[in-house]
Amino acid sequence: MTEVNSMKIEFPSRSANEGFARATVACFAAQLDPTLDELGDIKTAVSEAVTNCIVHAYPDTLGRIRVRAKLLADNTIEIAVQDWGRGIADVEQARTPLYTTGGEERSGMGFTIMESFMDKLRVRSTPGKGTTVVMRRRISVRVRGA
Amino acid sequence: MRVEAAYAEGRLTLSLSGELDHHAAREIMREIEEQLELRLPGDCVLDLAGLTFMDSSGIAVLLKTYRRVCAFGGRLRAEHVRAQPLRVLRAAGIGRLIDVTAQS
């Protein structure tokens, strides 16, 4: 699918950047003229992915997080969230609803929410090397003036 | 992110405003627990009219609040929930535990 536009941001794994990341991607996605619900879904999914990097990839250190987004010709946004942290040994287990290694402060619903709010979710991870989460969401085409 | 508390006749209303994510969650949970311990309310209402964003970190805050309130025999409900937090709560099936009412 032809790429129409793209962006990339990189920031340290400070929790204050969760809001920055989701707001930035939402701003970029606005070019596809999404509804408020669609924009909310994208913000939520980005927030989950970036929070995972901060909490799980770099639990005791500050590391880099890279967020890339592409707008494709079929009105789809593809978002990739990458870290170079601890990695996930068992991706299937990590994607199980309510599964968490984060204790009472985490709900274990991050991947479940990403999966239900996006059309496609792919997770690639190598323990000790890092994780990349790629997700896609097609934005409905609205008739102008309707 | 802010919490405002109001207490009257056994009912504690906690009004949350702003964006509830992992960054805000710990401080918000501390403020909620402080209020719960102070009042031990039979009836606890989370007024989410001002909550403009919430992710799964917010689910953990709600579940922890629910467990605390249940521990002293109280009831918890969430009111005036906006569209985005509502979608997150629904995806997590929170409605089975907590009475959730959408913003009209």
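For the structure itself, consult the block above.
**Student:** Kindly report on the overall build of chain B, identifying the contributing residues and their values.
**Tutor:** Along the backbone of chain B there are three helices and five strands. Helices and strands appear in chain B in the N-to-C order β-β-α-β-α-β-α-β. Compactness check: chain B gives a C-alpha radius of gyration of 12 Å against a globular reference of 13 Å for 104 residues, within 12% of the reference. Over its C-alpha atoms, taken along the principal directions, chain B stretches across nearly 30 × 25 × 25 Å. Relative to its full complement of 104 residues, chain B shows a buried share of 43%. Contacts in chain B between residues far apart in sequence, at least 24 positions, make up 70% of those at least 6 positions apart.

**Student:** An account of the environment of B:Ala91 is requested, with residue identities and associated values reported.
**Tutor:** Inspection of the secondary structure puts B:Ala91 in helix 3 (residues 83–91). Sequence separation between B:Ala91 and B:Ile28 is 63 residues; the distance between their C-alpha atoms is 22 Å. Setting aside residues up to four positions removed in sequence, B:Ala91 forms contacts with A:Thr112, A:Ile113 and A:Ser116.

**Student:** Help me get a handle on the interface of chain B and chain A, residues and values and all.
**Tutor:** Tallying the contact residues gives 20 residues for chain B and 23 residues for chain A. Secondary-structure elements contributing two or more residues to the side of chain B that touches chain A are helix 1 (22–39), helix 2 (56–71) and helix 3 of chain B. Here the side of chain B that touches chain A gets six residues from one element, more than from any other, and that element is helix 2 of chain B. Split into classes, the residues belonging to the side of chain B that touches chain A amount to nine nonpolar, five polar and six charged.

**Student:** Go over the nonpolar core with me, naming the residues and quoting the values.
**Tutor:** By size, the foremost hydrophobic cluster in this structure holds 63 residues, and its most contacted members are A:Val25 and B:Leu20. For this core, the element with the highest residue contribution is helix 2 (residues 36–57) of chain A, accounting for nine residues. Residues within four places of B:Leu20 in sequence aside, it is in contact with B:Met1, B:Ala25, B:Ile28, B:Leu51, B:Phe53, B:Met54, B:Ser57, B:Gly58 and B:Val61.

**Student:** Can you tell me about the environment of A:Ala16, naming the residues and giving the values?
**Tutor:** Residue and element names in this part refer to chain A. As for its placement among the helices and strands, Ala16 is situated in the loop between strand 1 (3–12) and helix 1 (17–29). For Ala16, a count of 11 C-beta atoms within 10 Å translates into the label exposed. Along the backbone, Ala16 and Ser116 are 100 residues apart, and their C-alpha atoms lie at a distance of 25 Å.

Cut-offs applied
- Residues numbered from 1 in each chain as written.
- Chains lettered and ligands numbered in written order.
- Predicted model: local features only at pLDDT ≥ 70, side-chain atom pairs only at ≥ 80, totals over all residues.
- Helix = DSSP H or I, 4+ residues; strand = E, 2+ residues; numbered from the N terminus.
- Rg over C-alpha atoms; globule rule 2.2 N^0.38 Å.
- Buried ≥ 20, exposed ≤ 12 C-beta atoms within 10 Å, placed from the backbone.
- Contact = placed C-beta atoms within 7 Å.
- Nonpolar A, V, L, I, M, F, W, Y, C, P; charged D, E, K, R; others polar.
- Core = buried A, V, L, I, M, F, W, Y, C linked by C-beta atoms within 7 Å.

The analysis is restricted to geometry; functional conclusions fall outside its scope.
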